[in-house]
Amino acid sequence: TQARAGTRAALPGAPGRGGSSWPGAGRAGNLAALLQSSVGDEEPAAARRRPPQEGTVLLFPGQGSQFVGMGRGLLRYPNVGDMFRVAEKVLGYDLLSLCLRGPPAELDRTLHCQPAVFVASLAAVEKLHHQQPSVIENCVAAAGFSVGEFAALVFAGALDYTEALYAVKVRAEAMQKASEAIPSGMLSVIGRRESNYNFACLEAREHCKSLGIENPVCEVSNYLFPDSRVIAGHLQALEFLQENSRKYNFKRTKLLPVSGAFHTRLMESATEPLAEVLKSIEIQKPFICVYSNVDSKKYMHSKHIQRLLVKQLVSPVKWEQTMHAIYERKQGVEFPYTYEVGPGKQLGAILRNCNLKAWKLYKHIDVSEDEEAEET
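Residue positions within a chain follow its written sequence, with the count starting from 1. Owing to the predicted nature of the model, reporting of local features is limited to residues with pLDDT of at least 70; listing and counting of side-chain atom pairs is limited to 80 or more, with chain, interface and lining totals taken over all residues. Side-chain metrics in this entry use all non-hydrogen atoms of the structure; hydrogen atoms and water are not considered.

- An unreviewed UniProt entry annotates the chain as Malonyl-CoA-acyl carrier protein transacylase, mitochondrial originating from Chelydra serpentina.
- UniProt positions are given in the numbering used here, feature names are shortened, and annotations may be inferred rather than shown by experiment. According to its UniProt record, the chain has this under Sequence similarities (unreviewed entry): "Belongs to the type II malonyltransferase family."
- What UniProt states about the chain under its Catalytic activity (unreviewed entry) heading is, verbatim, "holo-[ACP] + malonyl-CoA = malonyl-[ACP] + CoA".

1. Some remarks on the packing of helix α10 (residues 161–181) against helix α13 (residues 268–280)
Here is step 1: Direction vectors running N to C along α10 and α13 enclose 170 degrees, while the axes themselves pass 8 Å from each other. The orientation of α10 with respect to α13, classified from their angle, is roughly antiparallel. Between α10 and α13 lies a crossing of right-handed hand. Residue-level contacts link Tyr 166, Ala 167, Val 170, Arg 171, Ala 174, Met 175 and Ala 178 of α10 to Ser 269, Ala 270, Pro 273, Leu 274, Val 277 and Leu 278 of α13.
Here is step 2: The residue inventory of the contact of α10 with α13, partitioned by class, reads 11 nonpolar, one polar and one charged. Only the contacting stretch of a helix is used when fitting its axis, a line to C-alpha atoms as for every element, and angles between N-to-C directions run 0 to 180 degrees. The numbering of helices and of strands both runs from the N terminus, where a helix is a DSSP run of H or I of at least 4 residues and a strand a run of E of at least 2. Angle categories are assigned with fixed cut-offs, so that under 35 degrees is roughly parallel, over 145 is roughly antiparallel, 65 to 115 is roughly perpendicular, and the rest are oblique. In this scheme, a crossing is called left-handed if the near helix is turned counterclockwise away from the far one by less than a right angle; it is called right-handed if the turn is clockwise. For this analysis, residues touch if any pair of their heavy atoms sits within 4.5 Å. When residues are sorted by character, Ala, Val, Leu, Ile, Met, Phe, Trp, Tyr, Cys and Pro go into the nonpolar class, Asp, Glu, Lys and Arg into the charged class, and all the rest, Gly among them, into the polar class.

2. A look at the sheet that holds strand β6 (residues 250–255)
Here is step 1: When DSSP finds two or more bridges between a pair of strands, those strands are recorded as paired. Read from one edge of the open sheet, five strands run β6-β3-β5-β4-β8, paired in mixed fashion. If you trace the sheet from one side to the other, it starts and ends with β6 and β8 (317–318), each paired once.
Here is step 2: Pairing geometry for strand β4 (residues 218–225) and strand β5 (residues 228–234), over six bridges, is antiparallel. Each residue of the ladder has a partner; that of Glu 219, found in β5, is Ala 232.
Here is step 3: Of the strands in this sheet, β4, β5 and β8 touch helix α15 (residues 319–327), which is tilted by about 30 degrees from β4.

Right, dumping it as structure tokens:
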């Protein structure tokens, strides 16, 4: 806590609730009115007042989207240098160098890539704010995939940047430790309409029991889009599913390059360290709608956020359900403009498979080379 307090004191202008780009701070005169009108309401006022096409939605990616070179095109924008300097103090290593130069094997480690994606995503928000401030001012909703949820909550003014980064650090280290305890992983599955994922997981668990594994884990950990799931658990269970994929009507299976079975009970040991740090930081009600991975519903208050961020570690990411919650509308009602802020375009690809009409108004904010020529 002392280190974190020192970081904030050393950089009073560092982004956070006081940063210029985020709804929790950057709406100047509108802020008090927005806060007042949303207190006690079930839905933030900004979401109710704006016609859909005038509103925007921001999506924040998760682990797996990182790549060496991300952040290169962002350093020219206000606050981004400060964000990486704060990160170095909070994390104890040079995150910018790791993002720009790697090595890839180090960047891809859970304990490094989660903070890296978090910072790069919020740096992309700074770029978007600089290029199109109206997108930020008109934002009515945000969602983040797994660790991306922390970035979405910072953007929405619910978490302070420095404190959220510290929580992400603790979360990433705890997940790395939990994943090293048991040989486990995640399997991406493209199925068919008749695929029965739960039955496949049940038989994979029975197979593990026959090998002498006690309390085997094999369950859906990510709902991505129709007929696409990620299944996580013991490696032996995932190998069984790959070998028997035809039986379960799986079109394609692929082991993901991650170190553990995230969003299953194999992450149980990571929940206590994260719960402890979330108790120690200030959480506020978001100024815009932020949707939870756990139940695909809007966060309503600070205790709700604190509880579900911990539960998220051991619960499936309901991203497909979240996309339906954000974009479901009556026929003839316009869709909002959507911006994916952070490395990769995976969330855009998922949106295309969930809702083609919504995807037609999707844009990605690049975090590597800038569109403008780099100044040398």
